[in-house]
Amino acid sequence: MLIKNLGTTLGVEIIGFNLKKNIDKNIIGQVSDLLSQFSVVVIRDQNITNEQHINFSEYFGDLEVTKAGTNGAGSKLIILQNFDEDGNIVPPTDRQRLNNLANQEWHSDSSFKKIPSKLSILSAKMIPAKGGNTEFLSMRSVYNALPKKLKSNIEDKVCWHDYSYGRSKIDANLVTADEKKALPPVKQKLVLNNKKYGKSLYIGAHCSKIDGMNDDESQNLLDEIYEYIDNESHVYSHIWKPYDLIMWDNRAVLHRATPIKGKVEKRLMVRTTIAGEASTLI
Ligand code: OGA
Ligand code: MN
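Residues numbered from 1 in each chain as written. Chains lettered and ligands numbered in written order. Predicted model: local features only at pLDDT ≥ 70, side-chain atom pairs only at ≥ 80, totals over all residues. Heavy atoms only, no water.

**A look at the sheet that holds strand β8 (residues 186-189)**
Point 1. Taking strand neighbours across the sheet as the criterion, the three strands line up as β8-β7-β11 in an open arrangement whose pairing is antiparallel. The open sheet has two edge strands with one neighbour each: β8 and β11 (207-210). Averaged over neighbouring strand pairs, the angle between their axes works out to 35 degrees when direction is ignored. (Pairing = 2+ DSSP bridges. Helix = DSSP H or I, 4+ residues; strand = E, 2+ residues; numbered from the N terminus. Axes fitted to C-alpha atoms, helices over the stretch in contact; angles between N-to-C directions.)

**Looking at the packing of helix α3 (residues 95-102) against helix α6 (residues 163-170)**
Point 1. Orientation of α3 relative to α6, taken along the N-to-C sense of each, is 110 degrees, at an axis distance of 9 Å. It follows from the interaxial angle that α3 and α6 lie roughly perpendicular. Note on packing geometry: the crossing formed by α3 with α6 is right-handed. Between α3 and α6, the residues in contact are L98, N99, L101 and A102 and Y163, R167 and I170, respectively.
Point 2. Residues that form the contact of α3 with α6 fall into these classes: five nonpolar, one polar and one charged. (Parallel < 35°, antiparallel > 145°, perpendicular 65-115°, else oblique. Left-handed = near helix turned anticlockwise from the far one by under 90°. Contact = heavy atoms within 4.5 Å. Nonpolar A, V, L, I, M, F, W, Y, C, P; charged D, E, K, R; others polar.)

**Considering the coordination of the manganese ion (ligand 2)**
Point 1. Coordination of the manganese ion (ligand 2) by the protein involves H107 (NE2), D109 (OD) and H255 (NE2), with metal-donor separations of 2.1 to 2.2 Å.
Point 2. Spacing between the donor residues of the manganese ion (ligand 2) along the chain follows H-x1-D-x145-H.
Point 3. H107 gets classed as buried once you look at its relative accessible area, which sits at 5%.
Point 4. Judged by relative accessible area, which is 5%, D109 ranks as buried. (Donors = N, O, S within 2.8 Å, 3.2 Å for Na, K, Ca; no water. Buried < 20%, exposed > 50% of the residue type's maximum accessible area, 1.4 Å probe, protein only.)

**A word on the pairing of strand β10 (residues 198-201)**
Side-chain direction in a regular strand flips from residue to residue, so the side chains alternate between the two faces of the sheet.
Point 1. Pairing analysis gives four bridges linking strand β9 (residues 191-194) to β10, with the strands arranged antiparallel. Across the sheet, residue N193 finds its bridge partner in β10, namely K199.
Point 2. Once β9 ends, the chain turns through three residues before running back antiparallel as β10.

**Digging into the site of ligand 1**
Point 1. Near ligand 1 you find L80, N103, H107, D109, L122, N133, T134, W248, H255, A257, R267 and R271, and these make up its full shell.
Point 2. In this structure, an oxygen atom belonging to ligand 1 sits 3.1 Å away from a side-chain N or O atom of D109.
Point 3. Here an oxygen atom of ligand 1 and a side-chain polar atom of H255 are 3.1 Å apart.
Point 4. Surface burial for ligand 1 is 99%, taken as the share of its 290 Å² of free accessible area covered by protein chains.
Point 5. Residues of the shell around ligand 1, tallied by class, amount to four nonpolar, five polar and three charged. (Near = heavy atom within 4 Å. Polar contact = N/O pair within 3.5 Å; in protein donor to acceptor, adjacent residues only side chain to side chain. Areas by Shrake-Rupley, 256 points an atom, 1.4 Å probe, with all protein chains shown as cover.)

This is how it looks when you write it as structure tokens:
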């Protein structure tokens, strides 16, 4: 398999791959290995139907079903778009635009679920001329960059992840009472340990607080960690072209969208999410 490195510490592009043709167990195994090692895998020029997207995704595990309140609810797809059925860009106060805004915070998909997702697979259909990148942050690199003392301070910490926490900072009405009820806060380990590739931090926009600490202590410790996040050397920023497909390991990277620059043009993305197999707590 021909590959090209993208970021300094994460990201790899597979060249000459066609997921409509070249799929077998061996290839899927190789792609899985690349994901474990590089956390982000890019495959360009994959003009696929939603059905092909789902079929490909299912080689990697069971898919999450999209929750109520998200575009694509009840199906295996999440649709991210900033326009209505008639093709008009929706106003900034529209739920779709607000959800896109929420995606501009560093996050890990489904970290608010008891068993959070393993992978996400995102396919670009329509891309604005400028901006609207997706950025990936290696949480392994961030962990490795922490001072020894901070590493030992956080070693056994557990965080609360709460869907409504991050979303309500964007807009108080973005999370409905029903969603709140369906998604109670859950606990996740702060430091994950991949036996082969080492430790990484598991935080992001849904992380509301560190378990067992008061609000100030928790915020101070999180702020201490966040100081190490703003470092471009841990980031790969993807400039999309239509039909790019990106897969990422939600337990090794955080990701975020960047704002569209200039005139807001249509952006349409389709995502599947591969369910995790185990809690982070064991
Ligand atoms: C996602 C996501 C970011 C983007 O699909 O999970 O966060 O750039 N997308 O659209
Ligand atoms: Mn996301």
